[in-house]
Amino acid sequence: MRLRHSIRAACLAIALGATGTVAVRPATAQVSVSANPDLMVLEMQILQDEIIKGNREAYDLLQPSLLVLGRRFLSVDPQIWEKRKQANAAVAFMLSGGSGSVFQELASRGITFNTDSNLFAGAMAYSQGNRTAAKNLLLKVDVHDLPSGLSGQVALAQGILLSQDQPAKANKRFDLARLLMPGTLVEESALRRQVPLVARIGQHHKFERLAQRYLFQYPKSIFADDFRKTMAETMSTSSYLQRETDWDKVFQLIADFDEKSRLQVLLTLSRASLVSGNMQFARKAGHMILEMDKLEPEERRNAMLYVAAAKASSEDWLEALRGIGKIEYASLSPENKVLTDAVARVANSVRAWPSPKITEASIFAPHLPPNELKKYGVNTEVLAEVHESLAQANAVLKDAEF
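About the cut-offs
Residues numbered from 1 in each chain as written. Predicted model: local features only at pLDDT ≥ 70, side-chain atom pairs only at ≥ 80, totals over all residues. Heavy atoms only, no water. Helix = DSSP H or I, 4+ residues; strand = E, 2+ residues; numbered from the N terminus. Buried < 20%, exposed > 50% of the residue type's maximum accessible area, 1.4 Å probe, protein only. Areas by Shrake-Rupley, 256 points an atom, 1.4 Å probe, with all protein chains shown as cover. Core = buried A, V, L, I, M, F, W, Y, C linked by side-chain atoms within 4.5 Å. Contact = heavy atoms within 4.5 Å. Axes fitted to C-alpha atoms, helices over the stretch in contact; angles between N-to-C directions. Parallel < 35°, antiparallel > 145°, perpendicular 65-115°, else oblique. Left-handed = near helix turned anticlockwise from the far one by under 90°. Nonpolar A, V, L, I, M, F, W, Y, C, P; charged D, E, K, R; others polar. pLDDT = per-residue confidence, 0-100. Salt bridge = Lys/Arg side-chain N within 4 Å of Asp/Glu carboxyl O. Expected span 1.5 Å × (residues − 1). Polar contact = N/O pair within 3.5 Å; in protein donor to acceptor, adjacent residues only side chain to side chain. Bend = angle between axes of the 7 residues up to and from the residue. Phe/Tyr/Trp six-rings, centres within 6.5 Å; stacked < 30°, edge-to-face > 60°. Lys NZ or Arg CZ within 6 Å of the ring centre and 35° of its normal.

1. Focus: the overall build of the protein
Broken down by element type, the protein carries 21 helices and zero strands. Expressed as a percentage of its 402 residues, the buried residues of the protein come to 43%. By element, 54% of the accessible surface of the protein is carried by carbon and sulfur atoms, the whole surface being about 22300 Å².

So, in structure tokens, the structure goes:
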């Protein structure tokens, strides 16, 4: 707890120290007044470590801190960038979300940075969203030639740049980033991007292994809820769930998750399965949720709705109508109200079979002469009485006035 307070004080000093709005700085934030870029970036990385532990304050402070650090880089001794360690810190800053415009300004003053030119220019392009230039430059860099604190960041950036067009190569870069910087935001970011990527290229066993790694290592990360949603959406696709027995591997995958992760994955999986048309898995996930002990009212309502929706277009349409009848409609979210209305329409359309016109239906009644009827054992004398009754009825109807 004392460490958490110290980090919080340091983070506040980063964000506010250059503004003059704080009269007295905490003693624990003394490192933040250093003019050493390498130490400034270290402070930023401490902030990032708090983010993957679930510290919302650290997340909210990250962007303001990056802005303040950028301004402070403008005022440090220009000769400090001649040291490779400090120039590499500038690269790490840009790859972590810092603005490259800071270093464009310094370069316009004639300041040079003692680091690999492809690395520096690639990091600047990456920070400014120039994907093509960043890819051309950063892929020329061999991460094995870089110090350990920077190599993982570069490997992560390379993986991100390759992920759209060359997923197999991106997969290897993400592996390398995780290996080089385990237990950091770099590994967390690599896992978060790599899990849906390996599923997309058909490596389902690796998808399951990496998903478990993420949820065991980073269950409290600020980004964990988004990861669970992405994972569930990936699992609900037809490329992952193709056979009825595939539910077994889903169950095995989530069985060891913590309760929060298991619940969120099942809720997202059930709804995503509905959207993708996988009604069996939507129903199974919904039933599994309803069997859980600790459910909030909203979670229970959603699970009941998803189960009902999965039944609406089947022979269980009546159960679907009864299911939504048990849900308090006013308490549903706007999107789930729309879903409930759709369930009612679909279920009612299934039960209301179309009634064909008599003239059209009559063509399906075969007409056979008496001799043919006798072959099938039909008593034609009984039919004669029926025909006589029908003839009398027709005569009465013909004379009736309408």
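There is more to say, and it comes next.
2. Section: the nonpolar core
With 105 residues, the main nonpolar core has Trp81, Phe93, Phe103, Phe207, Met231 and Met235 as its most contacted residues. When residues no more than four places from it in sequence are discounted, the contact partners of Trp81 are Pro37, Phe73, Val76, Gln86, Ala87, Ala90, Phe103, Leu106, Ile111, Thr112, Phe113 and Asn114.

3. Considerations on the packing of helix 13 (residues 246–255) against helix 14 (residues 259–276)
Between helix 13 and helix 14, whose axes approach to 10 Å, the crossing angle comes to 150°. With respect to their mutual orientation, helix 13 and helix 14 come out roughly antiparallel. Our pair here, helix 13 against helix 14, has a crossing hand that is right-handed. Across from Trp247, Val250, Ile254 and Ala255 in helix 13, the residues of helix 14 making contact are Arg262, Val265, Leu266 and Leu269. In terms of residue class, the contact of helix 13 with helix 14 is built from seven nonpolar, no polar and one charged.

4. As for the environment of Ile160
As for its placement among the helices and strands, Ile160 is situated in helix 8 (residues 148–162). The residues contacting Ile160, other than those within four sequence positions of it, are Tyr126, Arg131, Phe174 and Arg193.

5. Some remarks on the side chain of Asn302
Position of Asn302 among the secondary structure elements: in helix 16 (residues 297–311). The buried category is assigned to Asn302, whose relative accessible area is 12%. Each residue touching Asn302, except ones within four places of it in the same chain, is listed here: Leu267 and Asn336.

6. Section: the confidence of the model for the protein
Counting all residues, the mean pLDDT for the protein is 82, and 80% of those residues have values of 70 or more. In this model, residues 1–33 is a region of pLDDT below 50 whose contacts with residues beyond four sequence positions or in other chains number 39 contacts. Long-range and interchain partners of residues 358–365, a stretch whose pLDDT sits below 50, account for zero contacts in this model, where long-range means more than four residues apart.

7. Focus: the pattern of salt bridges
Summed over the entire model, instances satisfying the criterion amount to 11 salt bridges. With a shortest N-O distance of 2.7 Å, Arg228 and Asp225 are connected by a salt bridge. One end of the pair, Arg228, and the other, Asp225, are both in helix 12 (residues 224–235), three residues apart, so they sit about a helical turn from each other. In this structure, Arg283 engages Asp316 in a salt bridge whose closest nitrogen and oxygen atoms are separated by 3.2 Å. Of the two residues, Arg283 sits in helix 15 (residues 279–290) while Asp316 sits in the loop between helix 16 and helix 17 (317–325), which places them 33 residues apart along the sequence. Given the relative accessible area of 18%, Arg283 is considered buried. Bridged by salt links that share partners, the residues Asp175, Arg178 and Lys206 form one connected network.

8. Considerations on the packing of helix 12 against helix 14
The contact between helix 12 and helix 14 brings their axes to 8 Å, and the two run at 45°. Looking at the two axes, helix 12 sits oblique to helix 14. Every pair of crossing elements has a handedness; the one defined by helix 12 and helix 14 is right-handed. Two secondary-structure elements touch here, helix 12 through Asp225, Arg228, Lys229, Met231, Ala232, Glu233 and Met235 and helix 14 through Lys260, Ser261, Gln264, Val265, Thr268, Leu269 and Ala272. Residues of the contact of helix 12 with helix 14, tallied by class, amount to six nonpolar, three polar and five charged.

9. Describing helix 2 (residues 37–51)
Turn by turn, an α-helix covers 3.6 residues, leaving residues three or four places apart pointing in a common direction. With 15 residues, helix 2 ought to run about 21 Å at 1.5 Å a step, and its terminal C-alpha atoms sit 21 Å apart, in line with that. For helix 2, the capping residue at the N-terminal end is Asn36, with a side-chain oxygen 2.9 Å from the backbone nitrogen of Asp38.

10. Looking at helix 10 (residues 185–200)
In a regular helix each residue adds 1.5 Å, so 16 residues correspond to 22 Å; helix 10 covers 23 Å between its end C-alpha atoms and thus fits that length. Along helix 10, the largest kink reaches about 30° and is centred on Gln194; proline Pro196 follows within four residues of it. Burial of helix 10 is extensive: 13 of the 16 residues sit out of reach of the surface. Positive backbone phi, at 90°, marks Gly202, one or two positions downstream of helix 10.

11. Quick look at the environment of Lys229
Along the polypeptide, Lys229 turns up in helix 12. You can call Lys229 partly exposed: its relative accessible area is 46%. Residues Lys229 and Gln264, 35 residues apart in the sequence, show an inter-C-alpha distance of 7.4 Å.

12. Structural notes on the packing of aromatic side chains
Using the criterion set out here, one finds 12 aromatic pairs in the structure. Centre to centre, the rings of Tyr59 and Phe223 are 5.9 Å apart; their planes meet at 80°, and the pair counts as edge-to-face. Linking Tyr59 in helix 3 (residues 56–73) with Phe223 in the loop between helix 11 (204–217) and helix 12, this pair joins segments that are 164 residues apart in sequence. Each ring, one from Phe103 and one from Phe113, has its centre 5.7 Å from the other, and the planes form 80°; the classification is edge-to-face. Of this pair, Phe103 sits in helix 5 (residues 101–108) while Phe113 is found in the loop between helix 5 and helix 6 (117–127), placing the two residues 10 residues apart along the sequence. This pair shows no difference in class: Phe103 is buried, exactly as Phe113 is. The structure contains a cluster of three or more aromatic residues connected by ring pairs, namely Phe73, Trp81, Phe93, Phe103, Phe113 and Phe120. Across from the ring centre of Phe223, 4.2 Å away, lies the NZ or CZ of Arg192, which sits over that ring.

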